[in-house]
Amino acid sequence: MDLQPTLSNGQVHLRPLISKDFINLYRVASDSRIWEQHPIKERAELYGFAPFFAESLKSKGALLISDVATQKVIGSSRFVLRPAFGNAVEIGWTFLSRAYWGGKFNGMVKELMIKHALQNMEEVLLFVDRKNIRSQKAVEKLNFIPSDKLVIDQNHDLRPNDVIYRVQGIC
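1. A word on the side chain of serine 76
Reasoning step 1: Mapping serine 76 onto the fold places it in strand S4 (residues 73-81).
Reasoning step 2: The contacts of serine 76, once residues within four sequence positions are left out, are Leu25, Leu63, Ile65, Trp93, Thr94 and Phe95.

2. Let's talk about helix H2 (residues 46-59)
Two residues of an α-helix separated by three or four positions point the same way, owing to the 3.6 residues in each turn.
Reasoning step 1: Taking 1.5 Å of rise per residue, 14 residues should cover 20 Å, and H2 covers 20 Å from first to last C-alpha, within 8% of that figure.
Reasoning step 2: Among all positions of H2, only Gly48, Phe49, Phe52, Phe53 and Ser56 are buried. The arc that holds every buried residue of H2, seen down its axis, measures 125°, which confines them to one face. The exposed set on the far side of H2, more than 90 degrees from its buried face, consists of Tyr47 and Lys58.

3. What about the packing of helix H1 (residues 22-29) against H2?
Reasoning step 1: Running from N to C, H1 and H2 cross one another at 125°; their axes reach a closest spacing of 11 Å. By the angle between their directions, the pair H1 and H2 is classed as oblique. In terms of crossing hand, the pair formed by H1 and H2 is right-handed. For the pair formed by H1 and H2, the contact residues are Phe22, Leu25, Tyr26 and Ala29 on the first element and Leu46, Phe49, Ala50 and Phe53 on the second.
Reasoning step 2: Of the residues that constitute the contact of H1 with H2, the class distribution is eight nonpolar, no polar and no charged.

4. A closer look at the packing of aromatic side chains
Aromatic ring pairs are described here by two measures, namely the spacing of the ring centres and the angle between the planes.
Reasoning step 1: What the rule picks out here adds up to eleven aromatic pairs.
Reasoning step 2: With 6.1 Å between their ring centres and 70° between their planes, tryptophan 35 and phenylalanine 52 make a pair best called edge-to-face. Remark: phenylalanine 52 occurs in helix H2 and tryptophan 35 occurs in the loop between H1 and H2; sequence separation between them is 17 residues.
Reasoning step 3: What makes tryptophan 35 buried here is its relative accessible area of 3%.
Reasoning step 4: Aromatic rings pair up to connect Phe22, Tyr26, Trp35, Phe49, Phe52, Phe53 and Phe95 into one cluster.
Reasoning step 5: For the cation-ring pair, arginine 78 lies above tryptophan 93, with the distance from its terminal atom to the ring centre recorded as 4.3 Å.

5. Brief notes about the sheet that holds strand S5 (residues 88-96)
Reasoning step 1: Judged by pairing direction, the sheet is mixed, and its eight strands sit side by side in the order S1-S2-S3-S4-S5-S6-S8-S7 without closing on themselves. Two strands close off the open sheet at either side, each with one partner strand: strand S1 (7-8) and strand S7 (150-153).
Reasoning step 2: Sheet analysis places strand S6 (residues 123-129) next to strand S8 (residues 162-168), joined by seven bridges and oriented antiparallel. Looking at the pairing, aspartate 129 lines up with aspartate 162 of S8.
Reasoning step 3: Relative to S4, H1 is tilted by about 100°, and along the sheet it contacts strand S3 (62-67), S4 and S5.
Reasoning step 4: Seen against the sheet, helix H4 (residues 133-140) touches S6, S7 and S8 and runs at an angle of roughly 155° to S6.

Calculation notes
Per chain, the residues get numbers from 1 upward, laid out in the order the sequence is written. A pLDDT threshold of at least 70 governs which residues receive local features in this predicted model, and a stricter bar of 80 or more applies before side-chain atom pairs are shown or counted, although totals over entire chains, interfaces and linings include all residues. Side-chain measures here rest on the full set of heavy atoms in the structure, leaving out hydrogens and waters. Under the DSSP-based scheme used, a helix requires at least four consecutive residues in state H or I and a strand at least two consecutive residues in state E, with every element numbered from the N terminus. Between two residues, a contact is recorded if the distance between any of their heavy atoms is within 4.5 Å. Given a helix with a known number of residues, its expected span is that number minus one, times 1.5 Å. Working definition: with a 1.4 Å probe on protein chains only, accessible area under 20% of the residue-type maximum means buried, over 50% means exposed, and in between means partly exposed. This arc is taken over the directions from the axis of the helix to the C-beta atoms. Here an angle of 0 to 180 degrees is reported between the N-to-C directions of two axes, which are lines fitted to C-alpha atoms, with helices fitted over the stretch in contact. Oblique is the label for every angle not falling under 35 degrees (roughly parallel), over 145 degrees (roughly antiparallel), or within 65 to 115 degrees (roughly perpendicular). Note on convention: the crossing is left-handed when the near helix lies turned anticlockwise from the far helix by less than a right angle, right-handed when the turn is clockwise. Residue classes follow a fixed rule: Ala, Val, Leu, Ile, Met, Phe, Trp, Tyr, Cys and Pro count as nonpolar, while Asp, Glu, Lys and Arg count as charged, and any other residue, Gly among them, counts as polar. Each Phe, Tyr or Trp ring (for Trp, its six-membered ring) is paired with any other whose centre lies within 6.5 Å, and the angle between the two planes then decides the class: stacked below 30 degrees, edge-to-face above 60, tilted in between. A positively charged side chain is recorded as over a ring if its NZ (Lys) or CZ (Arg) lies within 6 Å of the ring centre. The angle to the ring normal must also be within 35 degrees. What makes two strands pair is DSSP finding at least two bridges between them.

Shown next, in the form of structure tokens:
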């Protein structure tokens, strides 16, 4: 599977993250409200964001997200293969500028990524911290996923602090 594709739907554009993206992405990430329900709140500060960004680059699965209309950087996300789960890939580490919350952008990003992943993988996983209600609601309102293709696993031993959302074969 190509973990760093270029994906677009005319409204949102995803491309591989590169080192030159640091400043523009940090401008988005520096909003502390983005991280208020996240376990690592320090990502809003330069000392917390720099290691996150370096890890993103090292993952070779990170994507920069832009608004096509404005050409502005609005966030990032990441693919990571999860062989412990079989033929599965995780989508995670996603954050968007608050100006893009509650609308169509998160759904569009996830739809592009999930449909891309399911061309080669059997399952897409999204791990969400149990305390991050905002992110749980965002996943649960992805209306392009038929209800019989989304499994919500809250009782597992693999990552006990997370709710695991499993998406299977919707393409």
